[in-house]
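Listed here are the chains, written in short residue letters.
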Amino acid sequence: MKIVSTVNEVREQVKAWKKEGLSVGLVPTMGYLHEGHASLMKKATEQCDKVVVSIFVNPMQFGPNEDLDSYPRDLDKDAALCESIGVNLIFHPEAEEMYSPQFCSYVDMNVLTEDLCGKSRPVHFRGVCTVCNKLFNIVQPNKAFFGQKDAQQLAIIKRMVEDLNMDLEIVGCPIIREEDGLAKSSRNTYLNEEERKAALVLSQSIFLGQKMAEDGETDAKKIIAAMTEKIETEPMARIDYVKVVDGLTMQPIDVIDRPIVTAIAVYINEKARLIDNFHYSPEMQ
Ligand code: AMP
């Protein structure tokens, strides 16, 4: 496995693979990798001949008061995990490699970015779309792998690829959880033991809402109310949002009559803003 930091090195390697007729999978990440990322990498190794993992804490997707500087980083540990899974190349650029001082081009989107995380993180998805577009252009993968953990991000990337005729397939992968239900996240490391326990209220509320939907509740407001009440039992939790949205447009809906995503964002002790969600489709029943 190679670790490279320049666009040219990635291009050279990918060009050599493509010459041999090999398919390439890309897993974009911000590093501090855990089993959630590992599941994406494993799927990529199953579906593609060669796998590139990008590790880049993208400054463009962080707002001015967010956790860009404190975001956890550990390249050695990340590299060991990638190697153990069979990743072929890590692309680990510095910000200067990705954004020259003259940089002024962006990929922007409306509708899908307006609610949920887009509302509380106004510049976030412009940064995500722009960096993913750059990574797709640099790596030119046949497939790119994204987690349903970031449900809005996955919907946005799929939309971008379709809208802008990008020549790759986006593969969505299920949420990987800790044994007690907490969705795995690099940001869980911000929490001490007590806060980690408090964070369980996210998955508990997700499981509660999911059960209500599966039991036939079609009134989104009732599901939101029950989930909100559950989260509010935890004094360390402060809700950013609890929403039921159309699975394709990410717009809030009142009646569950189509595939939906129920998504939450919750601050724990003001230290970490964690997200979780469940997908549900009436047709699955
Ligand atoms: P990040 O490093 O947080 O930007 O995440 C990189 C990719 O890993 C994104 O596509 C995430 O959705 C995915 N991911 C992060 N956590 C999980 C998880 N617990 N389960 C599945 N995918 C995840």
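Owing to the predicted nature of the structure, the values given are computational and were not obtained by experimental measurement.

**Here's the deal with the state of the cysteines**
Here comes step 1: In total, this model carries 0 disulfides according to the counting rule given.
Here comes step 2: In this structure Cys-104 is not part of a disulfide, and its nearest cysteine sulfur, from Cys-129, lies 18 Å away.
Here comes step 3: The class for Cys-104 is exposed, based on a relative accessible area of 62%.

**A closer look at empty space enclosed by the protein**
Picture a little ball the size of a water molecule; that probe, rolled over the atoms, points out where space is still empty.
Here comes step 1: One pass over the structure, following the stated rule, counts 1 cavity of 30 Å³ or more.
Here comes step 2: Taken as a whole, the largest cavity holds about 40 Å³ of empty space.
Here comes step 3: If you go around the largest cavity, the residues you meet are Lys-149, Leu-182, Ala-183, Ser-185, Asn-188, Leu-202, Leu-274, Ile-275 and Asp-276.
Here comes step 4: For the lining of the largest cavity, the element with the highest residue contribution is strand 9 (residues 272-280), accounting for 3 residues.
Here comes step 5: Partitioned by chemical class, the residues of the lining of the largest cavity number 5 nonpolar, 2 polar and 2 charged.

**Things to note about the packing of aromatic side chains**
Here comes step 1: This model, assessed by the stated rule, comprises 5 aromatic pairs.
Here comes step 2: With centroids separated by 4.9 Å and ring planes inclined at 85°, the aromatic side chains of Tyr-99 and Phe-103 adopt a geometry described as edge-to-face.
Here comes step 3: A relative accessible area of 15% means that Tyr-99 is categorised as buried.
Here comes step 4: Plain terms: the ring middles of Phe-103 and Tyr-106 are 5.8 Å apart, the flat faces sit at 85° to each other, and that makes the pair edge-to-face.
Here comes step 5: The aromatic ring of Tyr-106 is capped on one face by Arg-126, whose charged end is 3.8 Å from the ring centroid.
Here comes step 6: Just above the ring of Tyr-267 sits the side chain of Arg-238; from NZ or CZ to the centre is 4.2 Å.

How each quantity is defined
- Residues numbered from 1 in each chain as written.
- Predicted model: local features only at pLDDT ≥ 70, side-chain atom pairs only at ≥ 80, totals over all residues.
- Heavy atoms only, no water.
- Disulfide = S-S within 2.5 Å.
- Buried < 20%, exposed > 50% of the residue type's maximum accessible area, 1.4 Å probe, protein only.
- 1 Å grid on protein atoms, 1.4 Å probe; cavity = no way out; pocket = protein on both sides within 12 Å on 5 of 7 lines; lining within 4 Å.
- Points joined across faces, edges and corners; volume = space filled by probe spheres on them.
- Helix = DSSP H or I, 4+ residues; strand = E, 2+ residues; numbered from the N terminus.
- Nonpolar A, V, L, I, M, F, W, Y, C, P; charged D, E, K, R; others polar.
- Phe/Tyr/Trp six-rings, centres within 6.5 Å; stacked < 30°, edge-to-face > 60°.
- Lys NZ or Arg CZ within 6 Å of the ring centre and 35° of its normal.

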